[in-house]
Amino acid sequence: MREDVPDVSSDTTAQEAAKRAMIEVQRYLADEIAPMMAADAADVLLRMPPKYGAIVLRSWIEAQLSAPDRAVPVSSYVYHAVKKLHHLAELHVVDPKAMARYVAELSRIVVRLCPEGEQTDLRLKLSRIAEAETTLSAPVRLLNREMGSARVEAELKRTLEHQEESRPRAADAAPSPRLAMLIGRLEELGAISKEGPADEEAEELIARMVTKAAAEARDGEQLESSLARLRMLGMEPSVDRRMFRMLGRRLPEWEVDLERSGPGDEKPAGRLLQAMRRIVDTAGSSEEGIRRFSEMVYAAIEQLNEGHLAQAVAMLDLAQRLIEEKKVDQELARIVKNRAQSAVALGPLRQFASAPAKHGLLRKVLRFFQVFTPESLLDRLDGEPKRETRKLMLSLLEVYSTPCRPKVLERLMGCLSGKPPDPNGFYARNLVFLLRRIPRGAQDDPRQELKLLAEFSRPQRPFMVTKETVGALADPSLPKVSQVLAQRLEDFERSAHPGVTDYTDGEMQEILDRTCAALALLGTQEAVRAIVAHARREDLRLGDTVGRLRHLAGCDLAGHDALREILDRLRKTLPAKVLGVVLGRRVAEASSLVQALSGTREPEVRRLFEEIVERYPGQDLAERAREALVKFQAEPASEPAAAEGVAGDLELFGLPTLLQSLADARQTGRLMISERNGHDRAVIFFRDGKIAGGEAGQLRGPDAVYELIERPRPGTFRFERSTPEEPARPEQGMDVVPLILEAIRRHDEFQEDRALVPDGASLMPTGARPSLPEDESDRNLVEAVWQEASRGTAPESCEGVAGSDAYRVRRLYAHWLESGALKRRPAA
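Residues numbered from 1 in each chain as written. Predicted model: local features only at pLDDT ≥ 70, side-chain atom pairs only at ≥ 80, totals over all residues. Heavy atoms only, no water.

Check the secondary structure of the protein chain and you find 38 helices and 12 strands. Look at the contacts in the protein chain between residues 6 or more apart in sequence, and 73% of them connect residues 24 or more apart. (Helix = DSSP H or I, 4+ residues; strand = E, 2+ residues; numbered from the N terminus. Contact = heavy atoms within 4.5 Å.)

As C-alpha cells, then:
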C-alpha cells in the first residue's frame, strides 16, 4: 500500500476528533454495528476535511491486509470502504448532499492508497459509486485478515455466483392472471420511459401492478421478480421513495375515525397500504428493511408538506404499527423518525392547526415525531426567540387539547419555584395563555388552577404575566374567582404609587381596565360591587375609574344592590341646561354611567333614559340612552334556537367524516348532496344517528351510500333537520361505521378493477361462457351487465343501466376480462 496519503498527525485537535469517531466507523465497516449506530461518528467525519476520513479508512484497510497470504487487491478494500460510507447517505442517516461532496473529495485521496496498476479501474468505479447496487454483507465477511488467500478467493467466488443466481429475472415466476393482465395493459399503452410513466393512466396501472405484486409476493425475491417486468417495459423501478410516493398519492382522503368501529370489525387497511407493508416486510435484510421504512416515512412527510393530511396519517400509522409489531428494528426506527422530523414543513402544520376539524388527524402526525410531542413543544417553547415559531408551538399544543392541560399546569407550577428560570415572565405568560385556550377536562381540579392563577395575577409579577392571568380569571367555572379578582383590584389600586411596582402608569391603567372587564364578565354581586367601589376612587394615578363602569353594559343589574348607587350618581352627574345650552364638565362621566345601565331593563332605568333623550338631544349621553331604549323595546333575548340545518363544501369535510359526525350527534333529517353546478346528486336519510335510507340516481339504500364513496366527486352538502321521509322499504336504521367500512373496501377494489378496465373501455365476447364471481348472486344484475358489456358499452355507462353501484359493475367487467369471457375490442 502506498504511503503518500497526507500526514496530519501534527493537527492534534483534529486528530483527537477523528480518533473518537474512528473506532465506531471501523466497527461499521466491519459490519459489527448497524448503519444508524454509526451516524453520529459519520457526522463528525463529514464536518472535517476528507483527509481525516482517509486516515480512518487507511487504518481499517491496514488491519485487513495484515494476513500474510491475502489475495484480495487493495482496490477492493478501498472501494468497499468508500461504498459503505456512501451507503449511509442512501439510508438518509446522514445528509446525502454532504456525503456526495465528501465521497468525491475522499475518493481522490484514497485512490493513492492503491498500486498504480489498480488506480485507473478504481477511479472509474468510485465515479459511479452512487449508481452501484449495494450488497454489503458478504464482502465484509470475506474481507477478513484471518482468512487465507485460497479461502478468500473460493468464498468470494461462491458469493458472487450466488448473488448473480439470486438476482430476480422476469421469467422466474409466473404472475397471477390479474397481474399478467396489468402488465399486458402497460405493454399496450407503450407509454413508459426510464423517467417514469408518460401519463396518468400508465402511472395508475404501475401503482396497481406494484400493489398486486406486493400482495402476491412470498418474499423479496418474488417481489423483485415482478418489478423486473417493468424493467422489460423500459422503466427502472426501484423500491425507493418514488414507489412509496406513487402509492401514497393514490390513498383516498378518508378522514374517518376507524377506531370507533366495534372490536370485532375488520379495519380496512386498503390494498395500497397493504402493499407498502409488504414492501417493507419482504426486505431481504434488516438493513434493507430499515431503508425501505425510511423511504416510506419520508414519502409520508412529502404528502403532509403538500397538504394531504389524511394520506400522510395513513402512512405514518402504518409506520408506527411496523415499529410496534417489531417488523423493523425499534432503535433504528427511532433514529429514522428523529432525523426525518426536520423535513416536516411548518406551513402546512400552521394551516391544519388553524382548522379544528383537522385536529384529530393532525394529533396523529404530531405524536409520531418526538419534536412535536407535548413535552418537547413545552420544552422548546421556553426561550424560543422567534415570535412566529412560538405562535406555531402554542397552536400545536392547542391541537392536543384537554389531555395536554395537566402538562401545562405542571410547567406553570414549576415557574413558581423558578424551574425553569423565567425572570421576564415570557414562559409563564404563554402557559397561562394555553390554559385559557385548552378546555378543562372532567378530572382537572379547578381549585388547583385557581390557586396558580391567583399567584400569577399578583402585582409583583411581570406585567405581561399579570395581564394574561387576569384574562384567564374571567372564568365563572372557577370557584370563588370573584373574590380573587376583587382582591386583585384592590391590590392594583394600592400598587399604583411610585416605588411600589415596576409597572408604568400606562401599564397600571391597562391592568386596572382589564381587571374591571374580567369582573364584569363574571357579573356576580361581589364582582359588580368591586367595580362600583373602584369607580368611587378619585386618584389620577388610577386613570378614569368611572369610565370603567362601561364594562357593566353587558350585565343586567336588576336585583344588584349597586343599581341604586349608579342611578343616583347618574342623576347627580347630569349636566345643567340653560337657554338650550348644556353646562357642566361631567358629560363624559354621565355618558359612562348611561352605558353602565344599558343592559338593565328596569322601569326606573327606562324612565331616566327617556328623560335624558328628551333633555339632551344631540348629546352623546342622549344617543346612548336612545340606543338602549330601542334595545329595551325588543323582546328579551332568548336562548338561541338550534340551527335548522348545516351546509358546506363536501371536499372540505369529506363524506365519510360528515356521515360519522351526523351519526355521533344522533341527528334526524336528510343530507342533500349536490354537484358543483347545483344539481342534486343524492339524498341520505338519518334517524337518530342511523342511516334510514338513501337515493342516488336509480340506486336505493346502502348502494346509494356506496356509490357516493366509490366515486367521490366535488360538490356541496346541506343537512336539514327534520323527521326523515320513510324509505320505500321501511327497515331498521343502519349503523354508519360498518357502512363506511364496507364502502371503503369497495372503493379500494373498484380502483384496482378500474385500472384494468378503465372508463371508456370497449370489450367484446370471446365465445367463452361467462362465469360469476364467487360472492355475486344477483343473476338479474349479471345478465343486464353482460348484455351491455358484450355490446361494447363502456363500464361507466353500464352502471346507470344496471341499477347497481360502480363497484359491482366494474368487478363483473374485470372478472370476465380476467377469465377470458371478454377481450378488448380492436381499435378502429
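Moving on, there is more to tell.
Counted by the stated rule, this structure contains 63 salt bridges. Arg-241 is paired through a salt bridge with Glu-295; the nearest N and O atoms lie 3.1 Å apart. Taken as a pair, Arg-241 in helix H12 (residues 241-248) and Glu-295 in helix H14 (residues 286-305) lie far apart in primary sequence, 54 residues in all. An identical accessibility class is assigned to Arg-241 and Glu-295; each is buried. Across the pair Asp-491 and Arg-494 runs a salt bridge, and its minimum N-O distance is 2.5 Å. Within this pair, Asp-491 and its partner Arg-494 are both found in helix H25 (residues 481-495), separated by 3 residues, close to a single helical turn. Relative accessible area serves as the criterion here: at 49%, Arg-494 is assigned to the partly exposed category. Here the salt bridges do not stand alone but share partners, grouping Arg-178, Arg-271, Glu-742, Arg-745, Arg-746, Glu-749, Glu-752, Asp-753, Asp-805 and Glu-818 into one network. (Salt bridge = Lys/Arg side-chain N within 4 Å of Asp/Glu carboxyl O. Buried < 20%, exposed > 50% of the residue type's maximum accessible area, 1.4 Å probe, protein only.)

One finds Phe-293, Leu-570, Phe-609 and Ile-612 to be the most contacted residues of the largest nonpolar core, which totals 165 residues. It is helix H15 (residues 309-324) that provides the largest number of residues to this core, a total of 11 residues. Non-local contacts of Ile-612, meaning those with residues more than four positions away in its chain, are made with Leu-570, Leu-574, Val-594, Leu-621, Ala-622 and Ala-625. (Core = buried A, V, L, I, M, F, W, Y, C linked by side-chain atoms within 4.5 Å.)

Tracing the chain through its elements places Arg-291 in helix H14. If we ignore the near neighbours within four places in the chain, the residues touching Arg-291 are Glu-90, Leu-91, Val-239 and Asp-240.

Turning our eyes to something else, we now look at the environment of Lys-125. Structurally, Lys-125 can be placed in helix H6 (residues 116-127). Assessed through its relative accessible area of 40%, Lys-125 is described here as partly exposed. As a C-alpha pair, Lys-125 and Tyr-79 span 46 residues in sequence and 7.6 Å in three-dimensional space.

As a further point, take the packing of aromatic side chains. How two aromatic rings sit relative to each other is set out by the distance from centre to centre and by the angle between their planes. Per the stated rule, a full pass over the model turns up 6 aromatic pairs. When the ring of Phe-369 is compared with that of Phe-372, the centres are 6.4 Å apart and the planes differ by 85°; the resulting orientation is edge-to-face. You'll find Phe-369 and Phe-372 in the same group, each marked buried. Across the ring face of Tyr-79, the terminal group of Lys-125 is positioned such that the distance to the ring centre comes to 4.3 Å. Here the basic side chain of Lys-337 rests over the ring of Phe-368, its NZ or CZ set 4.5 Å away from the ring centre. (Phe/Tyr/Trp six-rings, centres within 6.5 Å; stacked < 30°, edge-to-face > 60°. Lys NZ or Arg CZ within 6 Å of the ring centre and 35° of its normal.)

Between its terminal C-alpha atoms H6 stretches 17 Å, which fits the 16 Å expected from 12 residues at 1.5 Å a residue. Within H6 the residues assigned to the buried category are Gln-119, Leu-122 and Leu-126. Each buried residue of H6 lies within a common arc of 75° when the element is viewed along its axis, so the set occupies one face. For H6, the exposed residues set more than 90 degrees away from the buried face come down to Gly-117, Thr-120 and Asp-121. Considering only its buried residues, H6 is in contact with helix H4 (74-90) and helix H5 (96-110). (Expected span 1.5 Å × (residues − 1). Arc of directions from axis to C-beta.)

This next bit is on the packing of helix H13 (residues 271-281) against H14. Where H13 contacts H14, the two axes come as close as 8 Å, and the packing angle between them is 150°. As summarised for this structure, H13 and H14 are arranged roughly antiparallel, according to the angle between their axes. For the pair H13 and H14, contact is made by Met-276, Ile-279 and Val-280 and by Gly-289, Arg-292, Phe-293 and Met-296, respectively. (Axes fitted to C-alpha atoms, helices over the stretch in contact; angles between N-to-C directions. Parallel < 35°, antiparallel > 145°, perpendicular 65-115°, else oblique.)

A pair of packed helices is characterised by two quantities: the angle between their axes and the separation of those axes. Orientation of H15 relative to helix H18 (residues 359-368), taken along the N-to-C sense of each, is 45°, at an axis distance of 9 Å. It follows that H15 is oblique to H18 by the angle criterion. Handedness of the crossing formed by H15 with H18: left-handed. Note on element contacts: H18 touches H15 through Leu-361, Leu-362, Lys-364, Val-365 and Phe-368, opposite Leu-309, Ala-310, Val-313, Leu-316, Asp-317, Ala-319 and Gln-320. For the contact of H15 with H18, the residue count by class is 9 nonpolar, 1 polar and 2 charged. (Left-handed = near helix turned anticlockwise from the far one by under 90°. Nonpolar A, V, L, I, M, F, W, Y, C, P; charged D, E, K, R; others polar.)

Further remarks concern H14. Relative to the 28 Å expected for 20 residues at 1.5 Å per residue, H14 spans 29 Å between its end C-alpha atoms, a close match to the ideal helical length. Within H14, 15 of the 20 residues are buried, which leaves the element mostly enclosed by the surrounding structure. In the stretch just after H14, Gly-307 is the one whose phi turns positive, near 95°.

The next thing to look at is unusual backbone geometry. Positive phi, normally seen in glycine, also occurs at Lys-326, with a value near 60°. As for its placement among the helices and strands, Lys-326 is situated in the loop between H15 and helix H16 (330-340).

Confidence along the protein chain averages 81 in pLDDT terms, with 82% of residues attaining 70 or more. The model gives residues 637-643 a pLDDT under 50, and that stretch makes 2 contacts with residues more than four places away or in other chains. (pLDDT = per-residue confidence, 0-100.)

Burial analysis of strand E6 (residues 669-675) places 6 of its 7 residues in the buried class, which makes it a mostly covered element. Bridge analysis of E6 against strand E7 (residues 680-687) gives 6 bridges, and the strand direction is antiparallel. When the bridges of E7 are listed, Gly-669 appears paired with Phe-686. Between E6 and the antiparallel strand that follows it, E7, lie 4 residues; Gly-678 among them carries a positive phi value of about 95°. Judged from the 7 bridges that link them, E6 and strand E10 (residues 715-721) form a sheet pairing that is antiparallel. When the sheet's bridge partners are listed, Ile-673 is paired in E10 with Phe-717. (Pairing = 2+ DSSP bridges.)

With that out of the way, let us pick up the pairing of strand E8 (residues 690-696). Extensive coverage of E8 is indicated by the burial of 5 of its 7 residues. Pairing of E7 with E8 involves 5 bridges; the strand directions are antiparallel. Considered in E8, the bridge of Val-683 is made with Glu-695. Hairpin connection of E7 to E8: 2 residues between the antiparallel strands, including Asp-688 at a positive phi of 55°.

As a further point, take the environment of Ala-202. Among the structural elements, Ala-202 can be located in helix H10 (residues 200-216). On the basis of relative accessibility, which here comes to 0%, the residue Ala-202 falls in the buried class. Taking the C-alpha atoms as reference, Ala-202 lies 9.8 Å from Glu-187; in sequence the two are 15 residues apart.

Further remarks concern the environment of Ser-376. The residue Ser-376 is located in helix H19 (residues 374-381) in this model. For Ser-376, the contacting residues outside a window of four places in its chain are Gln-370 and Val-371.

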